[in-house]
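Take a look at the letters that make up each chain.
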Amino acid sequence: MKQKNVVILGSTGSIGTQTLDVIDHLKSEGFNPIALAAHSQIDLLEQQAHKWQPQIIAVYDQQKALELQKRLPDQKIVTGIEGLKEVASLQEADIIVSAMSGSVGIQPTLSALKAGKNVALANKEVLVAAGELIMSTAKEHGASVIPIDSEHSALFQCLEGKDHKSVRRMLLTASGGPFLHYSRDRLSQITLKEALMHPTWQMGVKNTIDSSTLMNKGLELIEAHFLFGITSENIEIVVHPQSVIHSMVEFIDGSMLAQMSAPTMLVPIQYALSHPKRYPGLIERFNYTHFSKLEFLPPNPGFKCINLCYYALKQGGTAPCYLNAVNEVLVERFVKGEILWIDISDKLEKLLMKYQPEKELTLEKILETDKLGRLHANSV
Ligand code: MG
């Protein structure tokens, strides 16, 4: 059997650890993690290194890389953005799982695609900030971008074997987050503890806060636009609190396809690795008696972030990149207790309305815009 060598960028995060669970489960099919990369969580990286014996490890943080090297003297360890790029384009790699949180994932993802590697993409910020560049680089080098994000995995599965011209609309489902029915007044009093409690999904901190503001869904709208080449007018966001239907495609003849499963990332992660094949999965048979009611509602208009994402996409150019960078910093500031939950969308709106996007979308321009967004978001 042919080995399927996997590189995991972000192996200590929520998607990364679940990817290793899936790989453990698919070991007999030849899946093998040959390289691991993380930002700075070296305790977990050390455990993962003992278990998986990767060829190479990248630690983004230089101090932490040195510390890990002391603990694992015989392990090849690289660091910084160059280190991430090196593991992302490893010659022996067959598939790169891009699951670092935030825009730090842009350059390694581009390196992987330039090396002609297929990328299983969980990091939506990469597509939001650099979607055009990512998709054109993939095309140029004959590489595929396979979504791990559950909604996009659903759309990808519904679209398989279909003519894209036959698509009328994509319906992106949203759980609605923990504050689905809150009034604007109540929204202004939300605490960090409340924002970290998601009703249906277990995720990393950034993603959980983004889900509470519905920014996550807005970013996914931009992600879907770049992944599937569909205009924003033909993507609709539908609140579906049970999180069982992960998204739907409506075709021009009125037929609709939806992809369903229990709300767990294990299914889209496994499919991104195994595509186009399917293997037995890690989850139990679907029990419909636990889901006797499936609801569909329009999003609560008190949440501004979805509209800000439609706006940024319409503005085009560097606007989505700017929006993404500003949001990342505002979320960090909320988690640190510097700003209120409601400030995330209010401050984002204020900055975005003043921003003049640029048309040019080179890597340099994207990194410059990312920096500018961070600067503005730290001082607003
Ligand atoms: Mg998602």
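Details of the structure are given in the entry above.
Residues numbered from 1 in each chain as written. Predicted model: local features only at pLDDT ≥ 70, side-chain atom pairs only at ≥ 80, totals over all residues. Heavy atoms only, no water.

1. A few points about the overall build of the protein chain
Counting secondary structure elements, the protein chain contains 16 helices and 11 strands. In terms of C-alpha radius of gyration, the protein chain reaches 20 Å, essentially the compact-globule figure of 21 Å for 380 residues. With the C-alpha coordinates aligned to their principal axes, the bounding extent of the protein chain is approximately 55 × 50 × 40 Å. For the protein chain, buried positions account for 56% of its 380 residues. Residue pairs at least 24 apart in sequence account for 69% of intrachain contacts in the protein chain once pairs closer than 6 positions are excluded. Carbon and sulfur atoms make up 52% of the accessible area of the protein chain, which totals about 16600 Å². The distance from the centre of the 37 positive side-chain charges to the centre of the 41 negative ones in the protein chain is 1 Å. (Helix = DSSP H or I, 4+ residues; strand = E, 2+ residues; numbered from the N terminus. Rg over C-alpha atoms; globule rule 2.2 N^0.38 Å. Buried < 20%, exposed > 50% of the residue type's maximum accessible area, 1.4 Å probe, protein only. Contact = heavy atoms within 4.5 Å. Areas by Shrake-Rupley, 256 points an atom, 1.4 Å probe, with all protein chains shown as cover. Lys, Arg positive; Asp, Glu negative; His and termini not counted. Charge placed at Lys NZ, Arg CZ, Asp CG, Glu CD.)

2. With respect to the coordination of the magnesium ion
Listed as protein donors to the magnesium ion are Asp149 (OD), Glu151 (OE) and Glu220 (OE); their distances from the metal cover 2.1 to 2.2 Å. Of note, the donors binding the magnesium ion are all from one chain and are spaced D-x1-E-x68-E. Taken together, the residues span a long stretch of sequence, with Asp149 in the loop between strand E7 (145-147) and helix H7 (150-159) and Glu220 in helix H11 (residues 215-228) at a distance of 71 residues. (Donors = N, O, S within 2.8 Å, 3.2 Å for Na, K, Ca; no water.)

3. Here we look at the state of the cysteines
Scanning the model with the defined rule gives 0 disulfides in all. Cys309 provides the cysteine sulfur closest to Cys305, a residue in no disulfide bond, and the two sulfurs are 6.6 Å apart. Looking at Cys321, it has no disulfide partner, and the nearest cysteine sulfur is the one in Cys309, 13 Å off. (Disulfide = S-S within 2.5 Å.)

4. Details of the pattern of salt bridges
Evaluated as defined, the whole model comprises 29 salt bridges. Here Glu82 ties to Lys85 by a salt bridge, and the two come within 3.5 Å at their closest N and O atoms. Remark: Lys85 and Glu82 occur in helix H4 (residues 80-88); sequence separation between them is 3 residues, near one turn of the helix. In this structure, the salt-bridge partner of Glu236 is Arg169, at a minimum N-O distance of 2.7 Å. On the criterion of sequence distance, the pair formed by Glu236 in strand E9 (residues 235-239) and Arg169 in strand E8 (residues 167-174) is long-range, its members being 67 residues apart. By relative accessible area, Glu236 is classed as partly exposed at 37%. The exposure class assigned to Arg169 is partly exposed, which follows from its relative accessible area of 23%. Each of the salt bridges in this network shares a partner with another, and the network as a whole consists of Lys124, Asp149, Glu151, Lys217 and Glu220. (Salt bridge = Lys/Arg side-chain N within 4 Å of Asp/Glu carboxyl O.)

5. Quick notes on the pairing of strand E10 (residues 245-251)
Counted residue by residue, E10 has 7 buried out of 7 residues, so it is predominantly covered. Pairing analysis gives 4 bridges linking E8 to E10, with the strands arranged antiparallel. What sits directly across from Leu171, in E10, is Met248. Sheet analysis places E10 next to strand E11 (residues 256-260), joined by 5 bridges and oriented antiparallel. The residue of E11 that forms the bridge with Val249 is Leu257. What sits between the antiparallel neighbours E10 and E11 is a turn of 4 residues, in which Gly254 has the positive phi angle 95°. (Pairing = 2+ DSSP bridges.)

6. Re the sheet that holds strand E5 (residues 95-98)
The strand order E4-E3-E2-E1-E5-E6-E7 describes an open sheet built from 7 strands, whose pairing is parallel. Strand pairing shows two members of the sheet lacking a second neighbour, strand E4 (76-79) and E7, which therefore form its edges. Neighbour-to-neighbour, the strand axes of the sheet open up by a mean angle of 25°, direction not taken into account. Sheet analysis places strand E2 (residues 31-38) next to strand E3 (residues 56-59), joined by 4 bridges and oriented parallel. Each bridged residue has a counterpart across the sheet, and for Leu36 the counterpart in E3 is Ile57. Of the strands in this sheet, strand E1 (4-9), E2, E3, E4 and E5 are in contact with H4, which crosses E4 at around 125°. (Axes fitted to C-alpha atoms, helices over the stretch in contact; angles between N-to-C directions.)

7. Quick look at the sheet that holds E11
Spatially, the 4 strands line up as an open sheet ordered E9-E8-E10-E11, and their pairing is mixed. Unpaired on one side and paired on the other, E9 and E11 mark the two borders of the sheet. Pairwise comparison of adjacent strand axes, ignoring direction, gives a mean angle of 20° for this sheet.

8. Looking at the packing of aromatic side chains
Applying the stated criterion across every chain, the model contains 6 aromatic pairs. A connected cluster of aromatic rings, assembled from ring pairs, spans Phe179, Tyr182, Phe303 and Trp341. Sitting over the ring of Phe31, Lys4 keeps its end group 5.1 Å from the ring centre. One cation-aromatic arrangement involves Arg278 over Tyr271; the distance from NZ or CZ to the ring centre is 4.2 Å. (Phe/Tyr/Trp six-rings, centres within 6.5 Å; stacked < 30°, edge-to-face > 60°. Lys NZ or Arg CZ within 6 Å of the ring centre and 35° of its normal.)

9. Thoughts on the nonpolar core
Counting residues in hydrophobic clusters, the biggest one holds 123 residues, and the most contacted among them are Val7, Val87, Ile148, Phe228, Leu273, Leu323 and Trp341. Apart from the residues within four sequence positions on either side, Val7 is in contact with Ile34, Ala35, Val87, Leu90, Ala93, Ile95, Ile96 and Val97. (Core = buried A, V, L, I, M, F, W, Y, C linked by side-chain atoms within 4.5 Å.)

10. Re unusual backbone geometry
Geometrically, the link from His275 to Pro276 is a cis peptide bond, its omega value of 5° lying close to zero. By secondary structure assignment, the location of Pro276 is in the loop between helix H12 (266-274) and helix H13 (305-315). Positive phi, normally seen in glycine, also occurs at Leu214, with a value near 70°. Residue classification places Leu214 among the buried residues on the basis of a relative accessible area of 5%. Backbone geometry at Ser243 places phi at a positive 50°, although glycine is not the residue there.

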